[in-house]
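Fold and geometry: a report
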Amino acid sequence: MASRAPVATGRLMVGFRKWFYNLSGFNKIGLMRDDIIMDDSDVQEALRRLPENVYNDRMFRIKRAMDLTMKQQILPKDQWTKYEEDHPYLTPYLNEVIHERKEKEEWTKK
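These lines cover the structure that appears in this document, whether it is placed above or below. (Residues numbered from 1 in each chain as written. Predicted model: local features only at pLDDT ≥ 70, side-chain atom pairs only at ≥ 80, totals over all residues. Heavy atoms only, no water.)

The number of helices and strands found in the protein is four helices and zero strands. Starting at the N terminus and ending at the C terminus, the protein contains elements arranged as α-α-α-α. The C-alpha atoms of the protein give a radius of gyration of 18 Å, which is well past the 13 Å a tight globule of 110 residues would have. Taking the principal axes of its C-alpha atoms as reference, the protein extends roughly 50 × 50 × 20 Å. (Helix = DSSP H or I, 4+ residues; strand = E, 2+ residues; numbered from the N terminus. Rg over C-alpha atoms; globule rule 2.2 N^0.38 Å.)

Here it is as C-alpha cells:
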C-alpha cells in the first residue's frame, strides 16, 4: 500500500499544477512561463544569449499579449498555451548566467 501513495500523490500534484497553470491566466493570452520572468541584468544577459528564432518567438508572444491586453480580450481556447507545451526556453540560459555571476563574485572576493 505504501508504494501506491507516491503515485497517487504525483498524479494529484500534476493535476494541481495544471489547474494552477490555467488559473494564472498568462496562457490565455499566449504567453509561456519564461515570458513573464521579471527583467533584471541577469535576465537581460540570458535574453542576449538566446538564439535569434527563440528570441523572435518570445517577442511575438509578448507583443500579441500586449495587444490582447489593450483590447481586453483573450485568445480562442484552442490557441491558449497548454501546460504540456510550455517548456523552459530561457531558464537554462538564466541559470548559466547566474552561475557565472556568482563564480565571478567569488573570484573578486579573493
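Back to the text.
Right, let's get into the pattern of salt bridges. One pass over the structure, following the stated rule, counts ten salt bridges. Across the pair E84 and K18 runs a salt bridge, and its minimum N-O distance is 2.9 Å. Of the two residues, E84 sits in the loop between α3 (52–70) and α4 (91–109) while K18 sits in helix α1 (residues 4–24), which places them 66 residues apart along the sequence. E84 sits in the exposed class, given a relative accessible area of 56%. (Salt bridge = Lys/Arg side-chain N within 4 Å of Asp/Glu carboxyl O. Buried < 20%, exposed > 50% of the residue type's maximum accessible area, 1.4 Å probe, protein only.)

To continue, consider a nonpolar patch on the surface. Among the surface-exposed residues, M13, F16, W19, F20 and L23 lie close enough to one another that they form a single nonpolar patch of about 550 Å² accessible area. With respect to the helices and strands, L23 occurs in helix α1. Under the relative-accessibility criterion, L23 is labelled exposed at 51%. (Patch = residues over 30% accessible without salt bridge, like charges linked within 9 Å, V, L, I, M, F, W, Y side chains within 5 Å. Areas by Shrake-Rupley, 256 points an atom, 1.4 Å probe, with all protein chains shown as cover.)

Now for the environment of E96. Turning to its location among the elements, E96 is positioned in helix α4. Looking at E96, the relative accessible area reads 39%, which means it is partly exposed. For the pair E96 and A46, spaced 50 residues apart in sequence, the C-alpha to C-alpha distance is 8.1 Å.

Moving on to the packing of aromatic side chains. Tallied over the full model, the rule gives four aromatic pairs. Arranged with centres 6.4 Å apart and planes meeting at 20°, the rings of F16 and F20 form a pair that is stacked. Placement of both F16 and F20 in helix α1 is noted, with a separation of four residues, approximately one turn of the helix. By relative accessible area, which is 44% here, F16 ends up partly exposed. Feature note: the residues F16, W19 and F20 constitute an aromatic cluster, connected by ring pairs. (Phe/Tyr/Trp six-rings, centres within 6.5 Å; stacked < 30°, edge-to-face > 60°.)

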